[in-house]
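Examining the three-dimensional arrangement
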Amino acid sequence: MMIKSLPPDTTLYPVPVVLVTSAFDGVENVLAINRIASVNAEPPMLAISIRPGRASHALIERSGEFVVSLPWPEMEVVTDYVGTTTLKRVDKWQASGLRKQTGNLVKAPLLLDCPVNIECKVFNILRLPSHSLFVAEVLAIHADDTVIGKRGEVDWDLIRGGLAYRAAVVRERPVADIRPHELLERLIALRSRNITGD
Ligand SMILES: Cc1cc2nc3c(=O)[nH]c(=O)nc-3n(C[C@H](O)[C@H](O)[C@H](O)COP(=O)(O)O)c2cc1C
């Protein structure tokens, strides 16, 4: 066996891909992220990492809140769509067809098409060289009863693994093997069926 040195990277997988919603001053947004981790137990905390140029970054920074939504595996195309388009140019809600509902404890919307929605309040922001790490407390979890396991917790097997990168190198790229300009076309075709795969 030969050990080879590779360039530094954040190789770490499998990596979940989730949707994150935000809201400030009447503007609501959604993007896809893969840079997410569980970082504290009591109280439960998550951390998400977002580049300052994203429209979502400003909304989360100003509101101090966000919602993490776990998609069904069939939501690959819609996830890539909201992860390759920006609020600065596109009405992602209209194009994606994602259905939302006001959050209970935060202003960011819950996504009705996702089986799990996690309401979060920002605890601290760490400015990293390329991203801001938003460390946040989990305030509430809303789960479709079909994905709650015997112990009363969300069971990832019941979400059928959710959405995740299948390759080792993780760099904020679409999950589906589709060119970005073809995503909208594919999304429209899927919307005429059912994007959640229910
Ligand atoms: C699968 C996937 C994962 C992504 N992960 C991240 C991430 O962890 N952090 C980040 O800042 N952007 C990530 N992105 C890119 C943003 O979702 C993308 O730039 C989006 O268009 C930003 O939207 P906004 O400007 O409306 O906030 C990811 C994109 C995809 C498709």
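Parameters and conventions
Residues numbered from 1 in each chain as written. Predicted model: local features only at pLDDT ≥ 70, side-chain atom pairs only at ≥ 80, totals over all residues. Heavy atoms only, no water. 1 Å grid on protein atoms, 1.4 Å probe; cavity = no way out; pocket = protein on both sides within 12 Å on 5 of 7 lines; lining within 4 Å. Points joined across faces, edges and corners; volume = space filled by probe spheres on them. Helix = DSSP H or I, 4+ residues; strand = E, 2+ residues; numbered from the N terminus. Nonpolar A, V, L, I, M, F, W, Y, C, P; charged D, E, K, R; others polar. Salt bridge = Lys/Arg side-chain N within 4 Å of Asp/Glu carboxyl O. Buried < 20%, exposed > 50% of the residue type's maximum accessible area, 1.4 Å probe, protein only.

What to know about the layout of surface pockets
Reported here for the largest pocket is a volume of approximately 460 Å³. Broken down by element, the residue count for the lining of the largest pocket peaks at 4 residues, all from strand E4 (residues 36-40). Across the lining of the largest pocket, the residue classes break down as 17 nonpolar, 3 polar and 1 charged.

Topic: the pattern of salt bridges
Per the stated rule, a full pass over the model turns up 8 salt bridges. Note that Lys 100 and Glu 28 form a salt bridge whose closest N and O atoms lie 2.4 Å from each other. With Lys 100 in strand E7 (residues 100-101) and Glu 28 in strand E3 (residues 27-33), this pair connects stretches of sequence that are 72 residues apart. With a shortest N-O distance of 2.6 Å, Glu 172 and Arg 35 are connected by a salt bridge. With a gap of 137 residues between them, Glu 172 in the loop between strand E11 (164-165) and helix H4 (180-191) and Arg 35 in the loop between E3 and E4 connect regions that are remote in the sequence. Residue classification places Arg 35 among the partly exposed residues on the basis of a relative accessible area of 21%. Members of the salt-bridge network, linked through shared partners, are Arg 35, Arg 51, Arg 54 and Glu 172.

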